[in-house]
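Read off the chains here:
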Amino acid sequence: MPRLVVVATGGTISTSADGEGVLRPVHTGEELVSGHDARVIDLFTMDSSQLTPAEWLHIGAAVSRAAQGADGIVVTHGTDTMEETALWLELTYDGTAPVVVTGAALPADAPDADGPGNLRDALAVAASPQARNQGVLICFAGAVLPALGTTKVGGPGVFGGPPPVGAVAEGTFRVAGTKRRAFLGSVTEIPRVDIAAAYPGADETAIEAFVQAGAAGLIVEATGAGNAGTAVVEAVRQACARGVAVAVTTRVPRGRTAAVYGPGHDLAGAGAVLVPALRSSQARVLLMVALALKLSVVDVIARWG
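One structure accompanies this document, and this report is about it.

About the cut-offs
- Residues numbered from 1 in each chain as written.
- Predicted model: local features only at pLDDT ≥ 70, side-chain atom pairs only at ≥ 80, totals over all residues.
- Heavy atoms only, no water.
- Helix = DSSP H or I, 4+ residues; strand = E, 2+ residues; numbered from the N terminus.
- Buried < 20%, exposed > 50% of the residue type's maximum accessible area, 1.4 Å probe, protein only.
- 1 Å grid on protein atoms, 1.4 Å probe; cavity = no way out; pocket = protein on both sides within 12 Å on 5 of 7 lines; lining within 4 Å.
- Points joined across faces, edges and corners; volume = space filled by probe spheres on them.
- Nonpolar A, V, L, I, M, F, W, Y, C, P; charged D, E, K, R; others polar.
- Arc of directions from axis to C-beta.
- Contact = heavy atoms within 4.5 Å.
- Axes fitted to C-alpha atoms, helices over the stretch in contact; angles between N-to-C directions.
- Parallel < 35°, antiparallel > 145°, perpendicular 65-115°, else oblique.
- Left-handed = near helix turned anticlockwise from the far one by under 90°.

### Some details on unusual backbone geometry
Here the phi dihedral of Ala141 falls at roughly 55 degrees; this positive angle occurs in a residue that is not glycine. In this fold, Ala141 is placed in the loop between β7 (136-140) and β8 (143-146). On the accessibility criterion, Ala141 (47% relative accessible area) is partly exposed. One non-glycine residue with positive phi stands out, namely Lys294, at about 55 degrees. You can see Lys294 is positioned in the loop between α8 (280-292) and α9 (297-304).

### Quick notes on empty space enclosed by the protein
All chains considered together, the criterion is met by one cavity of 30 Å³ or more. Here the largest cavity is characterised by a volume of approximately 30 Å³. In terms of residue class, the lining of the largest cavity is built from four nonpolar, four polar and one charged.

### What to know about α9
Residue pairs spaced three or four apart in an α-helix point in one direction, given the helix's 3.6 residues per turn. Listed as buried for α9 are Val297, Val300, Ile301 and Trp304. Taken around the axis of α9, the buried residues stretch over an arc of 95 degrees, which confines them to a single face. Residues of α9 that are exposed and angled more than 90 degrees away from the buried face: Asp299, Ala302 and Arg303. Residues of α9 that are buried make contact with β15 (245-250), β16 (273-274) and α8.

### Topic: the packing of helix α2 (residues 53-67) against helix α3 (residues 82-92)
Two elements in contact, α2 and α3, have axes separated by 10 Å at closest approach and are oriented at 50 degrees. One way to sum up the angle between α2 and α3 is to call them oblique. Our pair here, α2 against α3, has a crossing hand that is right-handed. Contacts from Trp56, Leu57, Ile59, Gly60 and Val63 of α2 reach α3 at Glu84, Thr85, Trp88 and Leu89. Among the residues making up the contact of α2 with α3, the classes are represented as six nonpolar, two polar and one charged.

What follows is the structure, encoded as structure tokens:
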């Protein structure tokens, strides 16, 4: 039998309603995995909105330790920030044992709770020889998705983005597409990177505050194809002049950036790098890892953004 490890971090899959009907993560990994043949690492029992980059380091360390003796690893996680943690692991984990991140849309005490099924599917993927050397995958609602580019979109499947790597049904993982591993390197310290939104009337306030707070990098979530007002462009120019790495995304869910309009061209001219496709959440993670490893931001974004 494959040796499987489950790293539990909390999320909706671990929640039940309290006396006021509020969902709180209360169920341990041991409870979730009961009945399955897997070793459990109860790392956290947290709502994923409460996680910080420091927790990413703990999750990554737990995964790396588990990979030394496991054939497959499952990470249970909340959906709110699953895309960040999954990409962090994808960029920083280079083991051969697959890492499969899963969670739930419904709490554990719901009559139609989806967590048990998602966990069962994730364990099946983690145990499959076809998942070996695939890096980090997200398994949710029967779909097996790449970490890079997958974001929470709501609806029945919860997650969307690039085409699935495959699907899992009745305990069998069937591969339907290819996946590139986006490993960049092992990281022990994470630089501060913030996100500033561009909107009608946005000025330099947020960008200047982030720079003053010590940000090593900034994501500007721009409009359209990567456009922003004059005040934001000037703030980006000043930030870049101070050595802050600035990358530009779009707030359009399936949009792509390109310096085809004047403001986008001016942002690039100010020193910002346009991120072609990644949403702000994952572009931030990509920039953090690139800066931590002192890699060329331009090159990393061109290849993986």
